[in-house]
Amino acid sequence: MFILGHLGVTLGIFFLASLAIPSLKRHLDYRFIALGALLPDLIDKTIGRILFEDVFASGRIFAHTLVFVIVVLVAGYIYFRQRGDSRIMLVAGASFLHLLEDRMWMTPQTLFWPVFGWEFAQGYSYGSFLDYFMNIVKHVYSPEFSFGLISEVIGLLVVLFLVYKHRK
């Protein structure tokens, strides 16, 4: 998935959950859900594709693990118990959905890190982040329908719907 896919699908899931469980509505802050939806990529692409590409050559490392989600969730729970504020737990929940949307179960070495060892799977080096980004754009927004393109279109439609609904 790409930016709109992660944003739209995650926001849409939380919106549907709030319809199914009305008491959840008062705890939702879509800004924090959006942050959590993008946080694994913001962290891992920065570390593994920009700062240390020669080491990792991957945008799916530390923040694409269950350990990351659990740490954020525990921090959010502690914060909630102290202040009554659930926003950090929303970040954890949205980050977990990000892992599901990325189908991380297909890379158990990363998802369950460090259970299977301390190393991450070595990715492909593109030379620069711009080259990597352009390669992703080329594959996601190609004329033929792909999982990436479909998730981006769905994500865009959900984001537009939620913006319209909340501006009303």
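Located above this text is the structure these notes cover.
Worth saying up front: this structure is predicted, and the values here are computed from it rather than measured.

Criteria and cut-off values
Position numbers for residues start from 1 in each chain and track the written sequence from start to end. Local features in a predicted model are, by the rule used here, given only for residues with pLDDT of at least 70; side-chain atom pairs are given and counted only at 80 or more, and totals for whole chains, interfaces and linings are based on all residues. Here the side-chain values reflect all heavy atoms present in the structure, with hydrogen atoms and water set aside. Two aromatic rings, drawn from Phe, Tyr or Trp (for Trp, its six-membered ring), form a pair once their centres lie within 6.5 Å of each other, and the interplanar angle then sorts them: stacked below 30 degrees, edge-to-face above 60, tilted otherwise. Segments assigned H or I by DSSP are reported as helices when at least four residues long, segments assigned E as strands when at least two residues long, and all are numbered from the N terminus. When accessible area is computed with a 1.4 Å probe and restricted to protein chains, residues below 20% of their type maximum are described as buried, those above 50% as exposed, and intermediate ones as partly exposed. Surface patches are drawn from residues lacking salt bridges whose relative accessible area is over 30%; two like charges belong together within 9 Å, two nonpolar side chains (Val, Leu, Ile, Met, Phe, Trp, Tyr) within 5 Å. What sets the accessible areas is the Shrake-Rupley method with a 1.4 Å probe; for residues, cover comes only from the shown protein chains. In the sections that follow, a salt bridge refers to a side-chain nitrogen of Lys or Arg positioned within 4 Å of a carboxyl oxygen of Asp or Glu.

### Looking at the packing of aromatic side chains
Here's step 1: As enumerated under the stated definition, the model contains 8 aromatic pairs in all.
Here's step 2: When the centroid spacing of 5.7 Å and the interplanar angle of 75° are considered together, the rings of F15 and F161 count as edge-to-face. You can see F15 sitting in helix α1 (residues 3-20) and its partner F161 sitting in helix α7 (residues 147-167), a full 146 residues away along the chain.
Here's step 3: Judged by its relative accessible area of 12%, F15 falls in the buried class.
Here's step 4: Consider the rings of F62 and W113, whose centres lie 5.5 Å apart with planes at 85°: the pair is edge-to-face. Note that F62 is positioned in the loop between α2 (30-51) and α3 (66-83) and W113 in the loop between α5 (108-111) and α6 (129-140), a separation of 51 residues in sequence.
Here's step 5: With a relative accessible area of 31%, F62 lands in the partly exposed category.
Here's step 6: Residue class for W113 comes out buried when judged on its relative accessible area of 14%.

### Topic: a nonpolar patch on the surface
Here's step 1: A cluster of nonpolar side chains, namely I50, L51, F52, V55, F129, L130, F133 and M134, defines an oily patch on the protein surface of about 750 Å² accessible area.
Here's step 2: Elements supplying a minimum of two residues to the nonpolar patch: α2 and α6.
Here's step 3: Here the element with the most residues in the nonpolar patch is α6; it accounts for 4 residues.
Here's step 4: Tracing the sequence through the fold places F133 in helix α6.

### Considering the side chain of D29
Here's step 1: Along the polypeptide, D29 turns up in the loop between α1 and α2.
Here's step 2: Among the residues examined, D29 registers a relative accessible area of 13% and is labelled buried.

### Observations regarding unusual backbone geometry
Here's step 1: The step from W113 to P114 runs through a cis peptide bond, and the omega angle for that step is 5°.
Here's step 2: Secondary-structure assignment places P114 in the loop between α5 and α6.
Here's step 3: Located in the positive-phi region is R103, a residue other than glycine, with phi close to 55°.
Here's step 4: Examined against the element boundaries, R103 turns out to sit in the loop between α4 (87-101) and α5.

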